[in-house]
Amino acid sequence: MLPVRSHSRRVLASLRVRMASRASSAMLSRAGRIRSKLQSSLEASVLDIEDVSHQHAGHAAVVESGAAETHFNVKIVSSKFEGKSLVSRHRLVYDALADELRSGLHALSIVAKTPQEVAPK
Amino acid sequence: MARALSNLLFKGITGSPAGCSNRMVSASFIQRGMTYSTTAPNDPDTHDDFKPMDKFQDTATSLKDVVEQDVKENPVMIYMKGVPEFPQCGFSSLAVRVLKHYNAPLSARNILENAELKSAVKAFSHWPTFPQIFIKGEFIGGSDIIMNMHQSGELKEKLKDIAANQEKSA
């Protein structure tokens with residue numbers, strides 16, 4: 001395996017994320033589907049999605065399922081989080097991604113903030 | 001019967017806080033014992049009178065009782081991948097490290113050992129991933145949330161009385 005591979009995969013993933021909004025849903029990578037689902041359900045003002053599946057490549061559950069895009073870091077800023085506890089915020093994210101979680105998405109690391117919380121003081 | 005068995009199961013995971021790994025072993029042993037007891041013999045020669053009357057209709061229901069009991073009786077309950085001494089997932093490992101920091105008694109179940117328990121916990125909390133942490137019966141969340149609460153001081157507040165009780169009884 002070439003040492004550049006995981007880097008180029010990440011570049012590819014971010015490219016795919018950028019192309020996501022234009023592509024049809026059937027063609028989307030999981031990263032792209034996560035983006036469009038979170039965007040439409042949470043109306044996020046900031047939405048960073050990072051595919052970190054390569055960090056978990058040896059994970060038993062990942063090897064079994066054979067899925068490639070399994071672990072993501074997600075950072076979302078949305079006014080829909082206002083007045084909600086962390087559990088409720090994470091639930092909103094999980095609810096939007098229920099289909100993905102059923103089809104091989106294994107874990108999400110979630111940072112969920114309101115616009116106020118990220119505003120410079 | 002389900003209640004009696006979940007009591008038995010529950011005894012398996014409590015006891016002295018120091019013997020955590022032993023607790024895990026006995027818990028999983030009893031759990032396996034329970035799984036066997038749910039399979040009724042299907043021998044056509046057995047007269048109806050001798051067939052077990054009181055078998056579990058639905059394993060998911062009885063495991064839900066187990067989870068309910070777990071979170072009610074254990075001030076800090078974590079459902080995780082692996083055991084606290086040997087977590088088998090980075091997120092579970094992080095959650096255990098954070099919780100251990102507070103010197104509160106930690107009760108754990110390894111969901112990798114029992115797929116049915118895993119789905120029962122998911123259904124109980126309506127939460128799709130592991131680890132899952134419950135404090136004083138309240139669902140707290142996963143590793144992101146416990147880390148957040150650790151950093152904000154909320155976790156210290158929540159565990160204050162548990163850790164204090166622990167010192168008194170020690």
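Scroll up to find the structure this text is about.
Since this is a predicted model, take the numbers as computed values, not measurements. (Residues numbered from 1 in each chain as written. Chains lettered and ligands numbered in written order. Predicted model: local features only at pLDDT ≥ 70, side-chain atom pairs only at ≥ 80, totals over all residues. Heavy atoms only, no water.)

Side note on the interface of chain B and chain A
Right, on to step 1. The interface of chain B with chain A comprises 15 residues on the first partner and 14 residues on the second.
Right, on to step 2. In total, about 1200 Å² of surface goes out of reach between chain B and chain A, with carbon and sulfur atoms giving 65% of it.
Right, on to step 3. Looking only at chain B, the three residues that lose the most surface to chain A are Phe91, Trp127 and Asp144 of chain B, adding up to 39% of its buried area.
Right, on to step 4. Taken together, the connections running from chain B to chain A amount to zero salt bridges.
Right, on to step 5. If you look at where chain B meets chain A, you find six residue pairs in polar contact (both at pLDDT 80 or more). (Contact = heavy atoms within 4.5 Å. Buried area = accessible area lost by both parts, 1.4 Å probe. Salt bridge = Lys/Arg side-chain N within 4 Å of Asp/Glu carboxyl O. Polar contact = N/O pair within 3.5 Å; in protein donor to acceptor, adjacent residues only side chain to side chain.)

Considerations on the pattern of salt bridges
Residue and element names in this part refer to chain A.
Right, on to step 1. Scanning the entire structure with this criterion turns up 11 salt bridges over all chains.
Right, on to step 2. Among the ionic pairs, Lys80 bridges to Glu43, the shortest N-O distance being 3.7 Å. One end of the pair, Lys80, is in the loop between β2 (71-77) and α4 (86-96); the other, Glu43, is in the loop between α2 (30-42) and β1 (46-51), and 37 residues separate them in sequence.
Right, on to step 3. Note on Lys80: relative accessible area 35%, which makes it partly exposed.
Right, on to step 4. In this structure Glu43 comes out as exposed when scored by relative accessible area, which is 51%. (Helix = DSSP H or I, 4+ residues; strand = E, 2+ residues; numbered from the N terminus. Buried < 20%, exposed > 50% of the residue type's maximum accessible area, 1.4 Å probe, protein only.)

Description of the packing of helix α4 (residues 90-100) of chain B against helix α6 (residues 143-152) of chain B
Residues and elements named next belong to chain B.
Right, on to step 1. Two elements in contact, α4 and α6, have axes separated by 9 Å at closest approach and are oriented at 30°. In this view, α4 runs roughly parallel relative to α6, as classed from their interaxial angle. Note on packing geometry: the crossing formed by α4 with α6 is left-handed. Only Ser143, Ile146, Met147 and His150 of α6 make contact with α4, whose side of the interface consists of Phe91, Leu94, Ala95, Val98 and Leu99. (Axes fitted to C-alpha atoms, helices over the stretch in contact; angles between N-to-C directions. Parallel < 35°, antiparallel > 145°, perpendicular 65-115°, else oblique. Left-handed = near helix turned anticlockwise from the far one by under 90°.)

A word on the pairing of strand β3 (residues 107-113) of chain A
Along any regular strand, the residues point their side chains to alternate faces of the sheet.
Residues and elements named next belong to chain A.
Right, on to step 1. Counting buried residues along β3, five of its seven residues qualify, which places the element largely inside the surrounding structure.
Right, on to step 2. As defined by bridge partners, β2 adjoins β3 across seven bridges and the pair is classed as parallel. In the strand pairing of β3, Asn73 is matched with Ser109. (Pairing = 2+ DSSP bridges.)

Remarks on the sheet that holds strand β5 (residues 132-135) of chain B
All names here are of chain B.
Right, on to step 1. Across the sheet, four strands lie side by side as β4-β1-β5-β6; this open sheet has mixed pairing. Two strands in the sheet have a free side with no partner beyond their single neighbour: β4 (107-110) and β6 (138-141). Adjacent strand axes in the sheet meet at a mean angle of 20° when their direction is disregarded.
Right, on to step 2. In terms of strand pairing, strand β1 (residues 76-80) meets β5 through four bridges, oriented antiparallel. Across the sheet, residue Val76 finds its bridge partner in β5, namely Ile135.

Notes on α4 of chain A
Right, on to step 1. Listing the buried residues of α4 of chain A in full gives Val87, Arg89, His90, Val93 and Tyr94 of chain A. Considered in projection along α4 of chain A, the buried side chains sweep an arc of 165° and stay on one side of the axis. (Arc of directions from axis to C-beta.)

Some remarks on α2 of chain A
Residue and element names in this part refer to chain A.
Right, on to step 1. Here α2 is 13 residues long and its end C-alpha atoms lie 18 Å apart, about the 18 Å a rise of 1.5 Å per residue gives.
Right, on to step 2. Buried residues of α2: Arg30, Ala31, Gly32, Ile34, Leu38 and Leu42, and no others.
Right, on to step 3. One or two residues past the end of α2 sits Glu43, with phi positive at roughly 45°. (Expected span 1.5 Å × (residues − 1).)

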